[in-house]
Amino acid sequence: MTISEQAIKGKVAIIGAGDVGATTAYALMMSGSVSEIVLVDIDHEKAEGEAMDLRHGASFVKPVDIYAGDYEDAHDADVVIIAAGASQKPGETRLELLGRNVDIFHDMIPRITDGLADDAVLLVVANPVDVLSYVTWKVSGLPRHRVIGTGTVLDTARFRNVLSENCNIDARNVHAYVIGEHGDGEVLVWSATHMAGVPFDDYCPVCDLDCDMQNREVIAEEVRGAAYEIIDRKGATYYAIGLATTEIVESIIRDENSILTVSTLLDGQYGLEDVYLSLPAVVNRGGIRRVVDLDLDEREREQFVESGEMLKEEIGKLDI
Ligand SMILES: NC(=O)C1=CN([C@@H]2O[C@H](COP(=O)(O)OP(=O)(O)OC[C@H]3O[C@@H](n4cnc5c(N)ncnc54)[C@H](O)[C@@H]3O)[C@@H](O)[C@H]2O)C=CC1
Ligand SMILES: CC(=O)C(=O)O
């Protein structure tokens, strides 16, 4: 294979060039894993400004073409990231954004999908991400495996970070998942948490640290409340979600078959269907390859089902 044949090929369209969209573009540009990024925003000048700023870093990264465009420029993308819409004000929940963002999605999704490549994957980031992923799937008419939400990939990273700091273990050796709703009902799966293969319940009693965070609820609150704490201080979250989104995009474009806690349409898991929620899933060039079943304990299962039923109720109120 020649060097030019080996060159990275992969086009990503980012709809919404605000804090999350622009930061994701930056993370993707730094990753060197895509060859083309188009930024689309209702505020075209903002998209142009972000694209110019990013392009000026061209000499520091692997070749990548970055520009501001329109919905038509998203049609030949491999992945379309949807980060457009209202974001939370301090104290506001993700679900409180629903009314405003559903209207935006009704207008935006057909513009993205009319003429979209057959194998493109839609990746929803805007909140509330689980319900908006469902809306995207419904309005687009695309197969379920090609419509994904970033779900709890960010919360899983936060959980691993908090555990890593608490236990003084490299986050790469902390294996832990957050599943369910990306929101107040998210579920930390303690029963599947382990340190390099040692179940957390066995690791904790023999740990060499004098731990002042034995209470799992304290850790859970830190993870669950992370976005509120950041938004109170700086108005928005964008660095970690930019990296989480990049991780998912890479798994799609590079056909990695990575297992990520993305939001996906359930079809009977834990008795739930017709709702988007996060579970570990194998992600590759086709989108979702399969969902991996976790052996949840009774409390985790109850929490998961409860948040799924609550989201189904929210979906039921929508005119889609
Ligand atoms: N899933 C997750 O883990 C996370 C999700 N978010 C969500 O991402 C979304 C974006 O957040 P930010 O970037 O901070 O907001 P932002 O306000 O900085 O950017 C939103 C952008 O969307 C654009 N926009 C609005 N309507 C549009 C339309 N019809 N077509 C194209 N562009 C449109 C706006 O002009 C703006 O540039 C929010 O819903 C936020 O809650 C944020 C962080 C993490
Ligand atoms: C804003 C948001 O959803 C987060 O940072 O988790």
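Residues numbered from 1 in each chain as written. Chains lettered and ligands numbered in written order. Predicted model: local features only at pLDDT ≥ 70, side-chain atom pairs only at ≥ 80, totals over all residues.

For the chain, an unreviewed UniProt entry supplies the name Malate dehydrogenase and the organism Halorhabdus tiamatea SARL4B. In its Sequence similarities (unreviewed entry) section, the UniProt entry covering the chain states "Belongs to the LDH/MDH superfamily. LDH family." The UniProt entry for the chain carries the following text under Function (unreviewed entry): "Catalyzes the reversible oxidation of malate to oxaloacetate." (UniProt positions renumbered as here; feature names shortened; annotations may be inferred.)

J.: How should I be thinking about the packing of helix α4 (residues 98–113) against helix α5 (residues 129–140) in this particular structure?
T.: Any two packed helices are characterised by the angle at which their axes cross and by the distance between the axes. The contact between α4 and α5 brings their axes to 9 Å, and the two run at 35°. The chirality of how α4 crosses α5 is right-handed. Counting all contacts with α4, which are made through Leu98, Asn101, Val102, Phe105, His106, Ile109, Pro110 and Thr113, the residues of α5 involved are Val131, Leu132, Val135, Thr136, Val139 and Ser140. Each residue belonging to the contact of α4 with α5 can be placed in one class, and the counts come to nine nonpolar, five polar and no charged. (Axes fitted to C-alpha atoms, helices over the stretch in contact; angles between N-to-C directions. Helix = DSSP H or I, 4+ residues; strand = E, 2+ residues; numbered from the N terminus. Left-handed = near helix turned anticlockwise from the far one by under 90°. Contact = placed C-beta atoms within 7 Å. Nonpolar A, V, L, I, M, F, W, Y, C, P; charged D, E, K, R; others polar.)

J.: Help me out: how do you make sense of the site of ligand 1 in this one?
T.: Near ligand 1 there are 32 residues, and of these Gly16, Gly18, Val20, Ala84 and Asn127 occur at the shortest range. Put simply, the parts of the chain that give the shell around ligand 1 at least two residues each are α2 (19–31) and α4. For the shell around ligand 1, a count of residues per class yields 17 nonpolar, 10 polar and five charged. Counting contributing residues, the shell around ligand 1 receives three or more from each of domain 1 (3–149) and domain 2 (153–316). (Near = placed C-beta within 6 Å. Domains from an automatic or database assignment.)

J.: Looking at this model, I keep getting lost on unusual backbone geometry. Mind explaining?
T.: Residues asparagine 127 and proline 128 are joined by a peptide bond in cis, for which omega reads -5°. If you trace the backbone, proline 128 turns up in the loop between β5 (121–124) and α5. One non-glycine residue, aspartate 274, lies in positive phi territory at about 60°. By the secondary structure assignment, aspartate 274 is in strand β14 (residues 273–278).

J.: Looking at this structure, how should I read the domain arrangement of the chain?
T.: Much of the literature gives interface size as the accessible area that the parts lose upon coming together. Taken domain by domain, the chain consists of domain 1 (3–149) and domain 2 (153–316). Relative placement of domain 1 and domain 2: their C-alpha centres are 23 Å apart. Listed as interface residues are 37 residues of domain 1 and, on the opposing side, 33 residues of domain 2. When residues of the side of domain 1 that touches domain 2 are traced back to their parent elements, those giving at least two are α2, β4 (79–82), β5, α5 and β6 (147–149). The element best represented in the side of domain 1 that touches domain 2 is α2, accounting for eight residues. Looking at side-chain class alone, the side of domain 1 that touches domain 2 contains 20 nonpolar, 11 polar and six charged residues.

J.: Please clarify how α5 should be interpreted in this entry.
T.: Residue pairs spaced three or four apart in an α-helix point in one direction, given the helix's 3.6 residues per turn. The first and last C-alpha atoms of α5 sit 16 Å apart over 12 residues, in line with the 16 Å expected at 1.5 Å per residue. The buried fraction of α5 amounts to nine of the 12 residues, a majority that puts the element mostly inside the structure. Of the residues making up α5, those classed as buried are Val129, Asp130, Val131, Leu132, Ser133, Tyr134, Val135, Thr136 and Trp137. Positive phi shows up at glycine 141, right after α5, with a value of about 70°. (Expected span 1.5 Å × (residues − 1). Buried ≥ 20, exposed ≤ 12 C-beta atoms within 10 Å, placed from the backbone.)

J.: Would you mind showing me how to read the sheet that holds strand β7 (residues 174–175) here?
T.: In a beta sheet, neighbouring strands are held together by backbone hydrogen bonds and run either parallel or antiparallel to one another. If you walk across this open sheet you meet the three strands as β7-β10-β11, and the pairing is antiparallel. In the strand order of this sheet, the two ends are held by β7 and β11 (198–199), each with one partner. One ladder, built from two bridges, connects strand β10 (residues 194–195) with β11; its direction is antiparallel. In the sheet register, methionine 195 faces β11, and the bridge partner there is valine 198. (Pairing = 2+ DSSP bridges.)

J.: What should I look at first to understand the site of ligand 2 in this one?
T.: Taken together, the residues surrounding ligand 2 are Gln88, Arg94, Asn127, Leu154, Ala227, Thr237 and Ile241. Taken together, the residues that form the shell around ligand 2 break down as three nonpolar, three polar and one charged. The residues that make up the shell around ligand 2 include at least three from each of domain 1 (3–149) and domain 2 (153–316).

J.: So what exactly am I meant to see when it comes to helix α3 (residues 44–55) here?
T.: Across its 12 residues, α3 extends 16 Å between first and last C-alpha, which sits within 8% of the 16 Å expected from 1.5 Å per residue. Along α3, the residues classified as buried are Ala47, Glu50, Ala51 and Leu54. On an axial view of α3, the arc spanned by its buried residues comes to 100°, and they lie on one face. Of the residues in α3, the exposed ones pointing more than 90 degrees away from the buried face are Glu45 and Met52. Tucked into the core, α3 has its buried residues touching α2, β2 (36–40) and β3 (65–68). (Arc of directions from axis to C-beta.)

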